[in-house]
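# Structure at a glance
Residue-level listing of the chains:
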Amino acid sequence: MLLSNANQLSQRQADARLTAQKGFSERLLKRARFLSESDQALLRMACVSRMSRREIARLLKVSPGNLCRRLQKLLACLHDPLVVNLIERGQLLPADIRQLGIEHFLLRLSLPALAAKHQMSRHRVGAIIEYLRGWNAAMRCPSSG
């Protein structure tokens, strides 16, 4: 009886971990849709298909170290609170400002590259990036009143 209860408990814990992991993967993949196709494919291999890092590295013909660094960078960007807010709560922003923020903070495009792409001055792009940082800080603060 005691062994049966222990097995049920460990199965429930395993189920809870799997459910949490599935939810984590779904939220992560929702954010990943803003990445390039190759980065999205890499995350699907690592998070959904459960391939080992060595298997993925072999498939992509890169070293496991390079693959792990690339995954770490991608995951760090996808977990950045500003990126999370832009994607999950950014509908409150004008679409062009949100897009510029995603391109800078998630895709890591430089200010000159963004200025050229969006045909605006570098100063204007810098001002929008600073606005987005302030917007993000305001989104994190509880409203007083």
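Quick summary incoming for the structure in this document. In this text, all values refer to a predicted model and were calculated from it rather than measured experimentally. (Residues numbered from 1 in each chain as written. Predicted model: local features only at pLDDT ≥ 70, side-chain atom pairs only at ≥ 80, totals over all residues. Heavy atoms only, no water.)

## Concerning the packing of helix α6 (residues 95–105) against helix α8 (residues 122–140)
- α8 packs onto α6 with a crossing angle of 90 degrees between their chain directions and a minimal axis gap of 10 Å. What the angle tells us is that α6 and α8 run roughly perpendicular. Of the residues in α8, those in contact with I97, L100, G101, H104 and F105 of α6 are V125, I128, I129, Y131, L132 and R133.
- When its residues are assigned to classes, the contact of α6 with α8 shows 8 nonpolar, 2 polar and 1 charged. (Axes fitted to C-alpha atoms, helices over the stretch in contact; angles between N-to-C directions. Helix = DSSP H or I, 4+ residues; strand = E, 2+ residues; numbered from the N terminus. Parallel < 35°, antiparallel > 145°, perpendicular 65-115°, else oblique. Contact = heavy atoms within 4.5 Å. Nonpolar A, V, L, I, M, F, W, Y, C, P; charged D, E, K, R; others polar.)

## With respect to the packing of helix α5 (residues 81–88) against α8
- Put simply, α5 and α8 touch, their axes get as near as 10 Å, and they point 85 degrees apart. As far as their axial angle goes, α8 and α5 are roughly perpendicular. Counting all contacts with α5, which are made through P81, L82, N85 and L86, the residues of α8 involved are L132, R133, W135, N136, M139 and R140.
- Class assignment for the residues of the contact of α5 with α8 results in 6 nonpolar, 2 polar and 2 charged.

## Remarks on a nonpolar patch on the surface
- A contiguous nonpolar patch, built from L59, L60 and V62 and spanning about 240 Å² of accessible area, is present on the exposed surface.
- Looking at the element boundaries, L60 is found in helix α3 (residues 53–60).
- Classification of L60 by relative accessible area gives partly exposed; the value is 33%. (Patch = residues over 30% accessible without salt bridge, like charges linked within 9 Å, V, L, I, M, F, W, Y side chains within 5 Å. Areas by Shrake-Rupley, 256 points an atom, 1.4 Å probe, with all protein chains shown as cover. Salt bridge = Lys/Arg side-chain N within 4 Å of Asp/Glu carboxyl O. Buried < 20%, exposed > 50% of the residue type's maximum accessible area, 1.4 Å probe, protein only.)

## What to know about unusual backbone geometry
- Look at K61: it is not a glycine, yet its phi comes out positive at around 60 degrees.
- Mapping K61 onto the fold places it in the loop between α3 and α4 (64–79).
- Take K61: its relative accessible area is 76%, and that puts it in the exposed class.
- Positive phi values are uncommon outside glycine, yet R108 reaches one of about 60 degrees.

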